Amino acid sequence: MAINSESEIALASVHRIIKKYGAERVSDSAADELRRILEALGENIAKQAVQLASHAHRKTIKSEDITLASKNFIK
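Just so it is clear, the model here is predicted, and its values are computed rather than measured. (Residues numbered from 1 in each chain as written. Predicted model: local features only at pLDDT ≥ 70, side-chain atom pairs only at ≥ 80, totals over all residues. Heavy atoms only, no water.)

1. Here we look at the UniProt feature "domain: Transcription factor CBF/NF-Y/archaeal histone" (unreviewed entry) in the protein chain
The condition is simple: UniProt positions are given in the numbering used here, feature names are shortened, and annotations may be inferred rather than shown by experiment. Each helix is a run of H or I in the DSSP string that is no shorter than four residues. Each strand is a run of E no shorter than two, and both are numbered from the N terminus.
Here, the residues flagged by UniProt with the feature "domain: Transcription factor CBF/NF-Y/archaeal histone" (unreviewed entry) are residues 11-69. Between the first and last C-alpha atoms of residues 11-69 the distance is 25 Å; the span itself is 76% helix and 0% strand.

Structure (structure tokens):
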């Protein structure tokens, strides 16, 4: 398993998230895969939020931008 040193989300945090929902044990590869997916989703939401703020002629990303952007990715 290759460790991505550029990850923004700590692997231990992902382990805790999975365990919070009932898993007794979590493999590093499972946690790493969820981390990869969460980071990709977060990146897409952030890009969309930046576009929304830019369209509104703002430099500051607001929580409303994140909420609106996330609706395109989360059902």
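2. Side note on the environment of Lys47
The residue Lys47 is located in helix H2 (residues 28-55) in this model. Expressed as a C-alpha distance, the spacing of Lys47 and Ala69, which sit 22 residues apart in the sequence, is 8.5 Å.

3. Overview of helix H3 (residues 63-70)
Operational definition: The rule is simple: take the accessible area with a 1.4 Å probe, protein chains only, and divide by the maximum for that residue type; under 20% is buried, over 50% is exposed, in between is partly exposed. The directions considered for the arc run from the helix axis to the C-beta atoms. Whether two residues are in contact is decided by their heavy atoms: any pair within 4.5 Å suffices.
Among the residues of H3, Asp65, Ala69 and Ser70 are the ones counted as buried. Buried positions in H3, seen along its axis, are confined to an arc of 125° and lie on one side of it. Residues of H3 that are exposed and angled more than 90 degrees away from the buried face: Ser63 and Glu64. Contacts from the buried residues of H3 go to H2.

4. Quick word on the pattern of salt bridges
Threshold: Counted as salt bridges are all cases of a side-chain nitrogen of Lys or Arg within 4 Å of a carboxyl oxygen of Asp or Glu.
For the structure on display, the rule yields 4 salt bridges. Here Asp32 makes a salt bridge to Arg35, at a shortest N to O gap of 2.7 Å. Taken together, the positions of Asp32 and Arg35, both in helix H2 and 3 residues apart, correspond to about one turn of that helix. The two residues Asp32 and Arg35 agree in class, both being buried. The shortest N-O distance in the salt bridge between Glu43 and Lys47 comes to 3.2 Å. Of the two residues, Glu43 and Lys47 both sit in helix H2, 4 residues apart, roughly one turn of that helix. Using a relative accessible area of 49% as the deciding quantity, one classes Lys47 as partly exposed.

5. Notes on H2
For clarity, the cut-off: One less than the number of residues in a helix, times 1.5 Å, gives the span that helix is expected to have.
Given a rise of 1.5 Å per residue, 28 residues ought to cover 40 Å, and the 40 Å separating the end C-alpha atoms of H2 matches this to within 8%. Ala31, Asp32, Arg35, Ile45, Ala49 and Ala53 are the residues of H2 that are buried. Contacts made by the buried residues of H2 are with helix H1 (11-20) and H3.

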